[in-house]
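# Observations on chain architecture
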Amino acid sequence: ADQNEADFARFEEALEAGCAQLGAEQSEVEYEVLEQPQQKILGLFGGAPAKLRVYVKATPASVAIAYLTEILTNLGVKDLEITEEVTEERTILNINGDDDDLGVVIGHRGETLTALQYLVSLTANNACEGYFKVSLNVKNFREKREKTLETVASKTAYKAVKLQKNIALEPMSPYE
């Protein structure tokens, strides 16, 4: 029993060392045993610690962020920073960077941003079981666009009532 406790202690040491190198908690990592710990002969000679391959678990959010980072870096976005905000309904990835580069990411009326959101969602959902809802937001574009749409809707409704006829709105995405 003492030997099993010693082996377990060596195993735990190896796992803690791997977590320290990755800067992660034990709950955030997975591992694979490469070599079992070896006991010392006569308690003095030889012996070896356990050898583990420790790696961070791939979560849908981490896959989404890695994929998005690669795309935006290849698009030439400088000073890129992606932060994750988790709500009850979805995970929102807020994108910040050089203002000159972010216009390309948003596109005309948010079309490029919506397309990126779709691709990121497909990639993240391919990496996990279940459904992972993700939204992309660049410099609070979604909030600004929502206010713009509310203003357009109010003005159009007023105009429709005043003219007593139907008025068509601009084409919008299902989200809008």
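Reference entry: report on the structure contained in this document. The shown structure was predicted, so the numbers you read here are calculated from the model rather than taken from an experiment.

## Side note on the overall build of the chain
Scanning the chain from terminus to terminus reveals five helices and five strands. Listing every helix and strand of the chain by position from the N terminus yields α-β-β-α-β-β-α-α-β-α. A buried classification covers 28% of the 176 residues belonging to the chain. A sequence separation of at least 24 residues applies to 51% of the contacts in the chain between residues at least 6 apart. Within the structure as shown, the chain displays about 12,200 Å² of accessible surface, and the carbon and sulfur contribution to it stands at 52%.

## Quick look at the pattern of salt bridges
Under the counting rule described, the total for this entry stands at two salt bridges. We note a salt bridge from Glu170 to Arg109, for which the minimum N-O separation is 3.8 Å. Of this pair, Glu170 sits in the segment after α5 (141-163) while Arg109 sits in the loop between α3 (99-106) and α4 (111-126); the two residues are 61 residues apart in sequence, bridging distant segments of the chain. Given a relative accessible area of 27%, Glu170 falls into the partly exposed group.

Calculation notes
- Residues numbered from 1 in each chain as written.
- Predicted model: local features only at pLDDT ≥ 70, side-chain atom pairs only at ≥ 80, totals over all residues.
- Heavy atoms only, no water.
- Helix = DSSP H or I, 4+ residues; strand = E, 2+ residues; numbered from the N terminus.
- Buried < 20%, exposed > 50% of the residue type's maximum accessible area, 1.4 Å probe, protein only.
- Contact = heavy atoms within 4.5 Å.
- Areas by Shrake-Rupley, 256 points an atom, 1.4 Å probe, with all protein chains shown as cover.
- Salt bridge = Lys/Arg side-chain N within 4 Å of Asp/Glu carboxyl O.

All we've got here are geometric facts, nothing functional implied.
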